[in-house]
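# Analysis of the macromolecular model
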Amino acid sequence: MLRTHTCGELKKENEGQIVSLCGWVSTTRLLGKSLAFIDLRDRYGITQINFNLLGKFSENDSAEKKQSGWESNLNLINKLGREFVIQVKGEVVERKAKNKNIPTGEIEVEIHSADAITILNESKTPPFTIEDESDGGDELRMKYRYLDLRRTPIKNNLLQRHKVGQAVREYFDKNGFADIETPFLIKSTPEGARDFVVPSRLNPGEFYALPQSPQTFKQLLMVSGFDRYYQVVRCFRDEDLRADRQPEFTQIDCEMSFVEQEDVLHMFEGMVKHVFKKVRNLDLPKFPRMTYADAMKYYGVDKPDTRFEMKIVDLTPNPSPKGEGSENLVRGKGFKVYDDAELIGGICAKDCAEYTRKQLDELTEWVKRPQIGAGGLGYIKYNADGTLKSSFDKFFDEASLKKIAEKFSATTGDLILILAGAETKTRKALGELRLEMGNRLGLRDKNKFECLWVVDFPLLEWNEEEQRWFAMHHPFTSPKKEDMDWMYNGYTEKNSAHAPKANAYDIVINGVEIGGGSIRIHNKELQQQMFKVLGLTKEETEQKFSFILNAFEYGAPPHGGIAFGFDRLCSMVIANEDYIRDYIAFPKNNSGRDVMLDSPSPIDEKQKKELGLK
RNA sequence: GGACUGGUAGUUCAGCUGGUUAGAAUGCUUCCCUGUCACGGAAGAGGUCGCGGGUUCGAAUCCCGUCCAGUCCGCCA
């Protein structure tokens, strides 16, 4: 070993020891001609080297010897640049001036001669500073990712990610789950995301697909009798990227046999709790359940951020057959927008009645952006003096406004924001507005973790454009028992009004979808019927899915499972954020490029020919 | 496929209602400094203002196009 210790472990107890350290020169500080400090950094920390440039000589040593020793010391310290890799041998001594900010701050390693330092490798000046707060932009940091990974925050993210992974494996092992690998070179299937595809040299003109997830394999493993399976596995989807989406990402893929939905929720809630306990020492309370319908109704999304309330209030008269909200508070006042709107809804922002015209105009512009797409923004200010002021005063008297305010349980000082328009779009816009207000009011607390299960997802959605049904989760999801009849007789209806519900569930933390799963179909006839409902012909079904249909003929057990986005789970557990690139060692940029490798790249003609591509 | 924001020194940014020699900080180089730890002080080098075209006496600045990056929408079973 070139070192006896790491740069993070020397403490006062080590005083007097002769040690050898290896690491990267973080900074050098030269103070005059006789004293220099070197911050030596490795994965474990930083240790200060105290370099006495005058050297250590006995009285008998000649002046020339002292002079040349000093000169070579000075030469060396001037030569040492940032990120040089060096080995240092010296004595651990207590510091005269201690640094309370670092764990090794009580000691330093003292050296007197250039001979104590071996340059193991030189370094060019790095293009950005290797510090906690780097001056480097994203693109540059990605290009020199190996340098970025030297920075403490990113390094810690990866080490914490390792801990999350260990906690996951520990939990599964303890609960009898077997880690079984599944292939990467598989078959392209319709439905779902776009496949990444790999040409086959041995079978010219034919292609493998990379798995979007090991879905069918894990089901086959259930048929094989491995009743508890998991895998931390790479998945591939050729879709556009986002801050929380990479073309290759890691799933914690899980499946269990002989279970019902409740068993699955219980088991994997346990896993998430275990991870939070192990990594952050947090004890999470039991995760609440919310139906998909309620999530959409009160939060405008299927992944509500429940760290704050501000639920959506529906003002549409007779919005549902049950007659909820049937009281007419908005129609027939002469305000055409509300008379015509399919949905009128709003949120109540606590203590925002003081919002200025400028702030409201800004919010209006915000909701009118094409990404949100609202036509406009209505508001009611419940002033501190009890009066009410709205953007539609022309049409509403104060009593009417008061009634609306009551519906929101608003009190003086509150601001009610109202959107109106087509139902789906408006509901979504309200959800976005709610999150935006949550941001502005600082309600999305970084120290808070609110987990919940969203359950009872619709099994299928009618797609108007393609005039066919789409599986909301995936085509292997089983319908709820009470909707079984629909699968055979109801599906000819071409709208989502009576669409069946599924035994499908998502786990959501702070408004981020961390994982999702379902109880699967394990019956061949039902699976065939599902493909039929989805518009696949018999031939397509046979060609694409015969393997799983065949398997179902040989005693498939009832089974269900879940898959977690491991990258998202990590970014959430480690930093409570929704940006995964800093938790992946070598991520890709917005256009799916690896800017370090400059990949993807063209291949040469010979290679293409060999693969049957030309 | 679309919306928005950005692209100026090695780096992060300012300058952008057109007009001297395009600035700051940081990094880099040299010198000074014996307890620093974001060390301090002095000096210096460093620029195809993303690219192409246009308007103009004159463009980093205005216009058009284009490329790249980021965030979002669509998309992501």
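Residues numbered from 1 in each chain as written. Chains lettered and ligands numbered in written order. Predicted model: local features only at pLDDT ≥ 70, side-chain atom pairs only at ≥ 80, totals over all residues. Heavy atoms only, no water.

## A short note on the domain arrangement of chain A
A common measure of how large an interface is: the accessible area buried when the components associate. Here chain A is described as being made up of domain 1 (12–121), domain 2 (154–290 + 452–584) and domain 3 (308–444). Computed from C-alpha atoms alone, the centre-to-centre distance between domain 2 and domain 3 is 37 Å. (Domains from an automatic or database assignment.)

## Focus on the packing of helix α6 (residues 261–280) against helix α15 (residues 566–575)
Running from amino to carboxyl end, α6 crosses α15 at an angle of 45°, the nearest separation of the two axes being 10 Å. Here α6 lies oblique to α15, going by the angle between them. Seen along the crossing, α6 lies across α15 with a hand that is right-handed. Across from Met 271, Val 275, Phe 276, Val 279 and Arg 280 in α6, the residues of α15 making contact are Leu 569, Val 573, Ile 574 and Ala 575. Its residues assigned to classes, the contact of α6 with α15 shows 8 nonpolar, no polar and 1 charged. (Axes fitted to C-alpha atoms, helices over the stretch in contact; angles between N-to-C directions. Helix = DSSP H or I, 4+ residues; strand = E, 2+ residues; numbered from the N terminus. Parallel < 35°, antiparallel > 145°, perpendicular 65-115°, else oblique. Left-handed = near helix turned anticlockwise from the far one by under 90°. Contact = heavy atoms within 4.5 Å. Nonpolar A, V, L, I, M, F, W, Y, C, P; charged D, E, K, R; others polar.)

## A closer look at the sheet that holds strand β11 (residues 248–257)
Pairing within the open sheet is mixed, and its 8 strands lie in the order β7-β10-β11-β23-β22-β21-β18-β12. Unpaired on one side and paired on the other, β7 (178–179) and β12 (289–291) mark the two borders of the sheet. In the sheet, strand β18 (residues 451–455) pairs with strand β21 (residues 504–509) via 5 bridges, with the strands oriented antiparallel. Each residue of the ladder has a partner; that of Val 454, found in β21, is Asp 506. Sitting on the sheet, helix α5 (residues 215–224) is in contact with β10 (228–236), β11 and β23 (559–565), with an inclination near 25° to β11. Together, β12 and β18 form the strand contacts of helix α7 (residues 292–299), whose direction differs from that of β12 by roughly 80°. (Pairing = 2+ DSSP bridges.)

## So, the pattern of salt bridges
Throughout the structure, instances matching the rule amount to 42 salt bridges. One salt bridge connects Lys 218 with Glu 255, and the closest N-O pair in it is separated by 3.4 Å. With a gap of 37 residues between them, Lys 218 in helix α5 and Glu 255 in strand β11 connect regions that are remote in the sequence. Assessed through its relative accessible area of 0%, Glu 255 is described here as buried. Ionic contacts of the salt-bridge type, sharing partners, join the residues Asp 138, Arg 141, Arg 145, Asp 148, Arg 151 and Asp 582 into one network. (Salt bridge = Lys/Arg side-chain N within 4 Å of Asp/Glu carboxyl O. Buried < 20%, exposed > 50% of the residue type's maximum accessible area, 1.4 Å probe, protein only.)

## Thoughts on the protein's contact with RNA strand B
Every one of the 48 residues lining RNA strand B counts as a neighbour, but Asp 135, Lys 428, Ala 471, His 473 and Asn 590 are closest to it. Each atom of RNA strand B within 4 Å of the protein was classed as base or backbone; sugar and phosphate made up 49%. The separation between a sugar or linking oxygen of RNA strand B and a polar side-chain atom of Glu 239 is 2.6 Å. For RNA strand B, a phosphate oxygen lies 3.3 Å from a polar atom in the side chain of Arg 581. Elements that contribute at least two residues to the surface near RNA strand B include exactly β1 (18–31), β2 (35–42), β3 (45–52) and α2 (138–143). (Near = heavy atom within 4 Å. Polar contact = N/O pair within 3.5 Å; in protein donor to acceptor, adjacent residues only side chain to side chain.)

## Observations regarding the sheet that holds strand β16 (residues 388–390)
With antiparallel pairing, the 5 strands of this open sheet are ordered in space as β13-β14-β17-β15-β16. Here the strands that pair on one side only, and so sit at the sheet edges, are β13 (313–314) and β16. One ladder, built from 7 bridges, connects strand β14 (residues 343–349) with strand β17 (residues 415–421); its direction is antiparallel. By the bridge assignment for β17, Ile 344 is matched with Ala 420. Along the sheet, helix α9 (residues 357–368) makes contact with β15 (378–382) and β17, crossing β17 at roughly 30°. Contacting β13, β15, β16 and β17, helix α10 (residues 398–407) crosses the sheet at an angle of about 95° to β16.

## As for the packing of aromatic side chains
Across all of its chains, the model carries 22 aromatic pairs by this definition. Centre to centre, the rings of Phe 335 and Phe 395 are 4.8 Å apart; their planes meet at 15°, and the pair counts as stacked. Residue Phe 335 is found in the loop between β13 and α8 (336–340), and its partner Phe 395 is found in the loop between β16 and α10; the two are separated by 60 residues along the sequence. Here Phe 395 falls in the partly exposed class, since its relative accessible area comes to 28%. Ring centres of Trp 453 and Tyr 505 lie 6.1 Å apart, and the angle between their planes is 85°; on these two criteria the pair is classed as edge-to-face. Placement of Trp 453 in strand β18 and of Tyr 505 in strand β21 is noted, with a sequence separation of 52 residues between them. Each of the two residues, Trp 453 as well as Tyr 505, counts as buried. Site record: aromatic cluster; members linked through ring pairs are Tyr 171, Phe 172, Phe 177, Tyr 230, Phe 268 and Phe 564. In this structure, Lys 311 is placed above the aromatic ring of Tyr 298, and the distance from its NZ or CZ to the ring centre is 5.4 Å. Above the plane of the ring of Phe 470 lies Arg 468, whose end atom (NZ or CZ) is 3.8 Å from the centre. (Phe/Tyr/Trp six-rings, centres within 6.5 Å; stacked < 30°, edge-to-face > 60°. Lys NZ or Arg CZ within 6 Å of the ring centre and 35° of its normal.)

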